[in-house]
Amino acid sequence: MAFLRRVSGASTMRHSASTSAAASAVSSKGTGWARPATSSAGREALIPTIQTERDLKILAFGMKDEATAPMPKAWPQLQAKFPGATADQLSALFGDKTVLAKMRGILADASQPLPQRRTAFDLLKRVSDTESTPIFAKLLDQPDFTSAVIPLLSFSTDPATAIALINRFTKLNDTDRSAALGTLTSRAELALPLLTAVKVGTFEKKHLSSLQIRQMRNLNNAEINTLLDATWGKVNDSSEAAKASIAKLKKAYQSAPLWAFNAKSGEETFKQVCAVCHAMGGVGGKLGPDLAGSWRNGLDYFLENIIDPNAVVGDNFQLHVLTKKDDSVISGVIEQETDTAITTRTVTESLIISKADLKSRQKMPVSLMPPGLLESMPERKALELLKYLLSKRE
């Protein structure tokens with residue numbers, strides 16, 4: 001999983017809702033013109049000065065990192081002056097119920113052109129429109145939207161949503177499975193059906209990694225914790241226990257006849273357990289660093305980072321737990337923060353979250369990488385994973 005403490009600097013992925021025309025406009029007028037768009041007071045002063053569609057695009061470009069914003073007093077008059085896609089985008093950010101209803105109608109109507117439906121989908125996703133959740137659920141079986149809609153089902157408080165994902169899970173590709181698990185573990189109402197399915201044997205336990213177990217622990221739900229304890233046991237974060245585990249596995253690895261261990265099997269374990277967060281040669285997750293060159297660091301590096309990830313945690317890679325007012329929980333690292341919004345990188349995507357939607361936020365004194373990963377595996381499986389990680393790559 002994530003070797004977060006050894007890496008400096010956070011991801012600088014930026015969300016952009018602007019068109020190339022908007023970027024060109026900003027370039028021609030200067031970024032200073034768009035800067036007032038980042039604050040409520042700035043927008044109040046800026047909107048009465050807008051005279052052209054290009055100016056409107058600059059405003060939209062300036063707000064590319066915002067999820068929602070208060071509607072400026074002069075906005076209705078400006079919206080009427082420049083009707084169209086850019087005005088609809090900004091109106092949605094300003095919470096215009098008429099425009100949001102229009103976007104829902106376009107998305108729900110399968111007869112509408114696909115580009116228009118995708119534009120509506122992207123906008124409803126950006127503003128975290130909870131009223132779109134029933135529409136999102138119906139898109140699950142539409143191939144053009146399946147991958148994009150799975151993370152948005154975390155808005156749902158209906159256990160039937162969890163059942164729908166569980167029933168389709170085996171038909172999903174690896175990327176969509178990871179997103180589905182992120183959704184199923186994002187709130188108690190969805191996690192309980194998942195854990196119940198594990199308990200009765202209709203969902204295989206092997207699909208859940210330590211990362212998802214930690215996410216469900218973060219929900220702080222007594223019933224969920226009871227089910228987790230019964231199925232997985234409690235995680236031991238003791239540094240003394242970690243030292244003992246490191247010594248035990250180091251001895252086992254160094255004394256084992258490694259020729260008898262299959263690095264290919266280790267690769268399969270990596271794909272199942274580690275690739276949620278990590279890439280190997282560009283293939284895999286993007287939450288942690290690419291591990292292709294890490295074999296040079298040797299056995300101790302891997303053992304220490306995997307078994308005791310919380311020994312030293314870089315500030316940029318500490319786990320942040322954001323609880324929204326709808327009681328959904330998002331765990332990840334903070335990529336960017338403005339006065340009104342937070343951009344969080346989760347296992348599956350970057351999310352812009354309006355601070356107005358937050359109930360609480362916690363910066364945990366731990367790495368995003370969960371402890372106990374190697375200790376939970378059979379020894380042979382752990383050694384094969386280590387052999388794969390230590391295999392020389394150029």
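What you see is a predicted model, and the numbers here were worked out from it, not measured in a lab.

Trainee: Describe the overall build of the protein chain, with residues and values.
Mentor: Check the secondary structure of the protein chain and you find 19 helices and seven strands. Counting across all 394 residues of the protein chain, residues that qualify as buried make up 51%. Across the protein chain, the fraction of contacts at a sequence separation of at least 24, relative to all contacts at a separation of at least 6, is 67%.

Trainee: Now, about the environment of E131: what can you tell me, with residues and values included?
Mentor: Along the polypeptide, E131 turns up in the loop between α8 (114-126) and α9 (133-138). Under the relative-accessibility criterion, E131 is labelled exposed at 55%. The spatial distance from the C-alpha of E131 to the C-alpha of S156 is 9.7 Å, given a sequence separation of 25 residues.

Trainee: Can you lay out the side chain of T185 for me, pointing to particular residues and giving the numbers?
Mentor: Its location among the elements puts T185 in the loop between α12 (174-184) and α13 (188-200). Exposure remark for T185: the relative accessible area of 2% places this residue in the buried category. Within polar-contact distance, the side chain of T185 engages the backbone oxygen of L181 at 2.8 Å. Excluding residues within four positions of it along the chain, T185 makes contact with A191, L194, Q212, Q215, M216 and L219.

Trainee: Describe in detail the sheet that holds strand β5 (residues 341-345), supporting the description with residues and values.
Mentor: Pairing is antiparallel in the open sheet, where five strands are placed in the order β6-β5-β4-β3-β7. Single-partner strands in this sheet number two, and they are β6 (350-354) and β7 (358-367). Pairwise comparison of adjacent strand axes, ignoring direction, gives a mean angle of 45° for this sheet. The pairing of strand β4 (residues 329-337) with β5 spans four bridges and is classified as antiparallel. Across the sheet, Q336 pairs through a bridge with T343, a residue of β5.

Trainee: I'd like a description of the pairing of strand β3 (residues 318-324), backed by residues and values.
Mentor: In terms of residue burial, β3 counts as a mostly covered element, since seven of its seven residues are buried. Neither face of β3 is exposed, since Q318, H320, L322 and K324 on one face and L319, V321 and T323 on the opposite face are all buried. Summarising the sheet, β3 and β7 pair through six bridges and their orientation is antiparallel. What sits directly across from L322, in β7, is R361.

Trainee: An account of the environment of Q362 is requested, with residue identities and associated values reported.
Mentor: Tracing the sequence through the fold places Q362 in strand β7. For Q362, a relative accessible area of 41% puts it in the partly exposed group. Remark: the alpha-carbon pair of Q362 and S331, spanning 31 residues in sequence, is separated by 9.6 Å. Once you skip the residues sitting within four places of it in the chain, Q362 turns out to touch L319, H320 and V321.

Trainee: I'd like to hear about the environment of A87, residue by residue, with values.
Mentor: Position of A87 among the secondary structure elements: in helix α6 (residues 85-93). Note on A87: relative accessible area 2%, which makes it buried. For the pair A87 and K57, spaced 30 residues apart in sequence, the C-alpha to C-alpha distance is 8.8 Å. If sequence neighbours within four positions are ignored, A87 has contacts with L56, W75, Q79 and F82.

Trainee: Account for the nonpolar core, with residues named and values stated.
Mentor: Membership of the largest hydrophobic core comes to 71 residues, with the highest contact counts inside it found for L59 and F136. Ranked by residues supplied to this core, first place goes to α13 with eight residues. Those residues in contact with L59, other than ones at most four positions away along the chain, are A37, R43, L46, I47, I50, W75 and L90. Counting 30 residues, the second largest nonpolar core, distinct from the first, contains F302, I307, Y388 and L389.

Trainee: Could you give me a rundown of helix α15 (residues 222-232), with the residues and numbers involved?
Mentor: Those residues of α15 that fall on the buried side of the exposure criterion are I224, L227 and L228. One side of α15 holds all its buried residues, which, seen down the axis, span an arc of 100°. Opposite the packed face of α15, turned more than 90 degrees from it, sit the exposed residues A222, E223, T226 and A230. Capping of α15 at its N-terminal end is provided by N221; its side-chain oxygen lies 3.0 Å from the backbone amide nitrogen of E223.

Calculation criteria
- Residues numbered from 1 in each chain as written.
- Predicted model: local features only at pLDDT ≥ 70, side-chain atom pairs only at ≥ 80, totals over all residues.
- Heavy atoms only, no water.
- Helix = DSSP H or I, 4+ residues; strand = E, 2+ residues; numbered from the N terminus.
- Buried < 20%, exposed > 50% of the residue type's maximum accessible area, 1.4 Å probe, protein only.
- Contact = heavy atoms within 4.5 Å.
- Polar contact = N/O pair within 3.5 Å; in protein donor to acceptor, adjacent residues only side chain to side chain.
- Pairing = 2+ DSSP bridges.
- Axes fitted to C-alpha atoms, helices over the stretch in contact; angles between N-to-C directions.
- Core = buried A, V, L, I, M, F, W, Y, C linked by side-chain atoms within 4.5 Å.
- Arc of directions from axis to C-beta.

The values reported here are purely geometric and, on their own, carry no functional implication.
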